[in-house]
Amino acid sequence: AENTDAFSFDRLTVASQVFARQLLARFPAVRCGCRMERAAWDGGLHLAVEIPSEVGSDRSIHIWMEEGDEPSLAFGDAGWHTHGAHYRELEEGRYEEESLLDLLDAILHDRFVLLDEPQAEPPVRGLVLDLRNPDALEEELSSAYCSRCVRIRSFSGRADRVVDVDDLDQGGGGGAL
C-alpha cells in the first residue's frame, strides 16, 4: 500500500471514516499516528495508525483496515493481531465479544500484555495475556504447555516483570525486569 502524507477524514473510504471517528473520539491522542494508505487493490485511501510505545518498538500498536472495511489491530513485534471484534476470556471457557477500541484501551492501560517464555526450548515470544481475567496468569503458568516461567511485556513498561510458577505458590506476582 502506498502511504500518503496529509491525514484527512474526507479523503478516507467510508468504512475508514466511520472507524477513525470512533477511534479518535475515544483516543484523541492517537491522531498524531494516523495516516492514509492507498490500497493497490481498490485505489481507496484507508486508515492506518501507528501507536509507538515509549519503551520500544517491540510493543508498538498498529491499526489498519483489513480488506478495506474490517478494523484490525496488531500488538508487539512477533505477529500477534486480531481483526474485527476480539473475543475476551472472562474465565475458563467463558468468552465475550469486545470491540477493538476496548482491546486498545486494555493494551494502553497494561491490562492486555505480551507474554514471552524465555526458558522454553526454543524460546517463545509474542504470546498475549489478558490480565483483566484475574486467573489468567496462574492458568498460563500451570498449563502443561508453559515452561513455568514467563516474561510480561506491557505497552507502557510499568507492568513488566518475570513470573515463575513458584512465585504463585508464595502469593507473589513476580519481580520487575
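This text follows the structure it describes.
Residues numbered from 1 in each chain as written. Predicted model: local features only at pLDDT ≥ 70, side-chain atom pairs only at ≥ 80, totals over all residues. Heavy atoms only, no water.

### What about the pattern of salt bridges?
Line of reasoning, step 1. Following the criterion strictly, the structure yields 12 salt bridges and no others.
Line of reasoning, step 2. Between E37 and R35 there is a salt bridge; the shortest N-O distance is 2.7 Å.
Line of reasoning, step 3. Look at the salt bridges and you will find they share partners, linking D58, R59, D116, R151, R153 and D160 into a network. (Salt bridge = Lys/Arg side-chain N within 4 Å of Asp/Glu carboxyl O.)

### Here we look at the side chain of S154
Line of reasoning, step 1. By the element assignment, S154 lies in the loop between β11 (149-153) and β12 (161-164).
Line of reasoning, step 2. A distance of 3.1 Å separates a polar side-chain atom of S154 from the backbone nitrogen of G157.
Line of reasoning, step 3. Beyond its immediate chain neighbours, meaning those up to four positions away, S154 contacts R59, D110, V113, A159 and D160. (Helix = DSSP H or I, 4+ residues; strand = E, 2+ residues; numbered from the N terminus. Polar contact = N/O pair within 3.5 Å; in protein donor to acceptor, adjacent residues only side chain to side chain. Contact = heavy atoms within 4.5 Å.)

### Some thoughts on the layout of surface pockets
Line of reasoning, step 1. Empty space within the second largest pocket amounts to approximately 160 Å³.
Line of reasoning, step 2. Looking at the second largest pocket, the residues that line it are P52, S53, E54, L108, H109, F155, S156 and R158. (1 Å grid on protein atoms, 1.4 Å probe; cavity = no way out; pocket = protein on both sides within 12 Å on 5 of 7 lines; lining within 4 Å. Points joined across faces, edges and corners; volume = space filled by probe spheres on them.)

### Details of helix α1 (residues 14-26)
Line of reasoning, step 1. Here α1 spans 19 Å end to end across 13 residues, near enough to the 18 Å set by a 1.5 Å rise per residue.
Line of reasoning, step 2. Within α1, the full set of buried residues consists of S16, Q17, F19, A20, L23 and L24.
Line of reasoning, step 3. Lining the buried residues of α1 we find β2 (34-38), β3 (45-51), β4 (61-66), β5 (70-75) and α2 (100-108). (Expected span 1.5 Å × (residues − 1). Buried < 20%, exposed > 50% of the residue type's maximum accessible area, 1.4 Å probe, protein only.)

### Thoughts on the packing of aromatic side chains
Line of reasoning, step 1. One pass over the structure, following the stated rule, counts 1 aromatic pair.
Line of reasoning, step 2. Their ring planes at 50 degrees and their centres at 5.3 Å tell us that W80 and F112 sit as a pair that is tilted. One end of the pair, W80, is in the loop between β5 and β6 (81-83); the other, F112, is in strand β9 (residues 112-117), and 32 residues separate them in sequence. Judged on exposure class, the residue W80 and its partner F112 are both buried.
Line of reasoning, step 3. The ring of F9 has R21 sitting right over it, with the charged end atom 4.2 Å from the ring centre. (Phe/Tyr/Trp six-rings, centres within 6.5 Å; stacked < 30°, edge-to-face > 60°. Lys NZ or Arg CZ within 6 Å of the ring centre and 35° of its normal.)

### Some words on α2
Line of reasoning, step 1. Most of α2 is tucked away: 8 of the 9 residues are buried.
Line of reasoning, step 2. Residues of α2 that are buried: L100, L101, L103, L104, D105, A106, I107 and L108.
Line of reasoning, step 3. Positive backbone phi, approximately 60 degrees, marks D110, located one or two places after α2.

### Overview of the side chain of N133
Line of reasoning, step 1. Relative to the elements of secondary structure, N133 occurs in the loop between β10 (124-130) and α3 (136-141).
Line of reasoning, step 2. Among the polar contacts made by the side chain of N133, one reaches the main-chain amide nitrogen of D135 at a distance of 2.9 Å.

### Topic: the sheet that holds β11
Line of reasoning, step 1. Sheet architecture is open: 4 strands sit in the order β10-β9-β11-β12, paired in antiparallel fashion. Each edge of the open sheet is held by one strand with a lone partner, namely β10 and β12. With direction set aside, neighbouring strand axes in the sheet form an average angle of 35 degrees.
Line of reasoning, step 2. In terms of strand pairing, β11 meets β12 through 4 bridges, oriented antiparallel. Bridge pairing in β12 links C149 to D164. (Pairing = 2+ DSSP bridges. Axes fitted to C-alpha atoms, helices over the stretch in contact; angles between N-to-C directions.)

### Notes on the nonpolar core
Line of reasoning, step 1. Formed by 31 residues in total, the largest nonpolar core has its most connected members in L23, L47, I61 and L73.
Line of reasoning, step 2. Discounting chain neighbours no more than four positions away, the residues touching L23 are V30, L47, V49, I63, L101 and L104.
Line of reasoning, step 3. L129, A136, L141 and V163 belong to the second largest nonpolar core, which has 11 residues in total. (Core = buried A, V, L, I, M, F, W, Y, C linked by side-chain atoms within 4.5 Å.)

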